[in-house]
Amino acid sequence: MAIARSKLTARFQILMPAAVRRRLGVGPGSVVEWADEGEQIVVRRAGRYSSTDVHQSLFAAPPAPRSLTELKNGVRLAIKQRHARR
C-alpha cells in the first residue's frame, strides 16, 4: 500500500511528501539512499557513518584486557566520584 505519491519534474527531481519525511525522520540536508530490491526500489534514510567507522575512530588501538574485578572496581570508583558529597 502506497504511503504517498510524488510527481517527477522536467529536471528529474521529486518532492518528498511530508508523510514520508516524518516516517523516515529526515529534514533539510538529510541524505536518503535508493536501493534496488528485486521488483521494488526502496528509499531509506542513509547513515553518515557505520558503527564500524565510529568504533574505529573512538578506539584506534584495542584497549588493554581487564579482569571482571578490575571492571567492577572501576565502575564503583566512577559512581563514588560522581555522587560524592562536596
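Details of the overall build of the protein chain
Line of reasoning, step 1. A count of helices and strands for the protein chain gives 3 helices and 2 strands.
Line of reasoning, step 2. Its C-alpha radius of gyration of 23 Å places the protein chain more than 25% over the 12 Å reference for a compact globule of 86 residues.
Line of reasoning, step 3. Based on the C-alpha atoms only, the size of the protein chain along its principal axes is roughly 65 × 35 × 25 Å.
Line of reasoning, step 4. Within the protein chain, counting contacts between residues at least 6 apart in sequence, those at least 24 apart form 0% of the total.
Line of reasoning, step 5. Surface exposure of the protein chain reaches about 8,700 Å², of which carbon and sulfur atoms provide 55%.
Line of reasoning, step 6. The averaged location of the 6 negative side-chain charges in the protein chain is 18 Å from the averaged location of its 16 positive side-chain charges.

Details of the pairing of strand β1 (residues 32-37)
Line of reasoning, step 1. Judged from the 6 bridges that link them, β1 and strand β2 (residues 40-45) form a sheet pairing that is antiparallel. Note on β2: the bridge partner recorded for glutamate 33 is arginine 44.
Line of reasoning, step 2. Between β1 and the antiparallel strand that follows it, β2, lie 2 residues; glycine 38 among them carries a positive phi value of about 70°.

Notes on the confidence of the model for the protein chain
Line of reasoning, step 1. Across the protein chain, the average pLDDT comes to 87, with 98% of residues at or above 70.
Line of reasoning, step 2. Element-level mean pLDDT values for the protein chain span from 81 in helix α2 (residues 51-58) up to 94 in helix α3 (residues 68-83).

Comments concerning the pattern of salt bridges
Line of reasoning, step 1. Applying the stated criterion across every chain yields a total of 2 salt bridges.
Line of reasoning, step 2. A salt bridge links glutamate 33 to arginine 44; the shortest N-O distance between them is 3.6 Å. Taken together, the positions of glutamate 33 in strand β1 and arginine 44 in strand β2 put the pair 11 residues apart, joining distant regions of the chain.
Line of reasoning, step 3. The class for glutamate 33 is partly exposed, based on a relative accessible area of 35%.

Examining a nonpolar patch on the surface
Line of reasoning, step 1. Nonpolar side chains collect at one region of the surface, where Leu8, Phe12, Ile14, Trp34 and Ile41 lie side by side and expose about 620 Å² of accessible area between them.
Line of reasoning, step 2. Locating phenylalanine 12 in the fold gives a position in the segment before α1 (18-24).
Line of reasoning, step 3. Judged by its relative accessible area of 68%, phenylalanine 12 falls in the exposed class.

Comments concerning the environment of alanine 35
Line of reasoning, step 1. Tracing the chain through its elements places alanine 35 in strand β1.
Line of reasoning, step 2. Beyond its immediate chain neighbours, meaning those up to four positions away, alanine 35 contacts Gln40, Ile41, Val42 and Arg44.

Calculation criteria
Residues numbered from 1 in each chain as written. Predicted model: local features only at pLDDT ≥ 70, side-chain atom pairs only at ≥ 80, totals over all residues. Heavy atoms only, no water. Helix = DSSP H or I, 4+ residues; strand = E, 2+ residues; numbered from the N terminus. Rg over C-alpha atoms; globule rule 2.2 N^0.38 Å. Contact = heavy atoms within 4.5 Å. Areas by Shrake-Rupley, 256 points an atom, 1.4 Å probe, with all protein chains shown as cover. Lys, Arg positive; Asp, Glu negative; His and termini not counted. Charge placed at Lys NZ, Arg CZ, Asp CG, Glu CD. Pairing = 2+ DSSP bridges. pLDDT = per-residue confidence, 0-100. Salt bridge = Lys/Arg side-chain N within 4 Å of Asp/Glu carboxyl O. Buried < 20%, exposed > 50% of the residue type's maximum accessible area, 1.4 Å probe, protein only. Patch = residues over 30% accessible without salt bridge, like charges linked within 9 Å, V, L, I, M, F, W, Y side chains within 5 Å.

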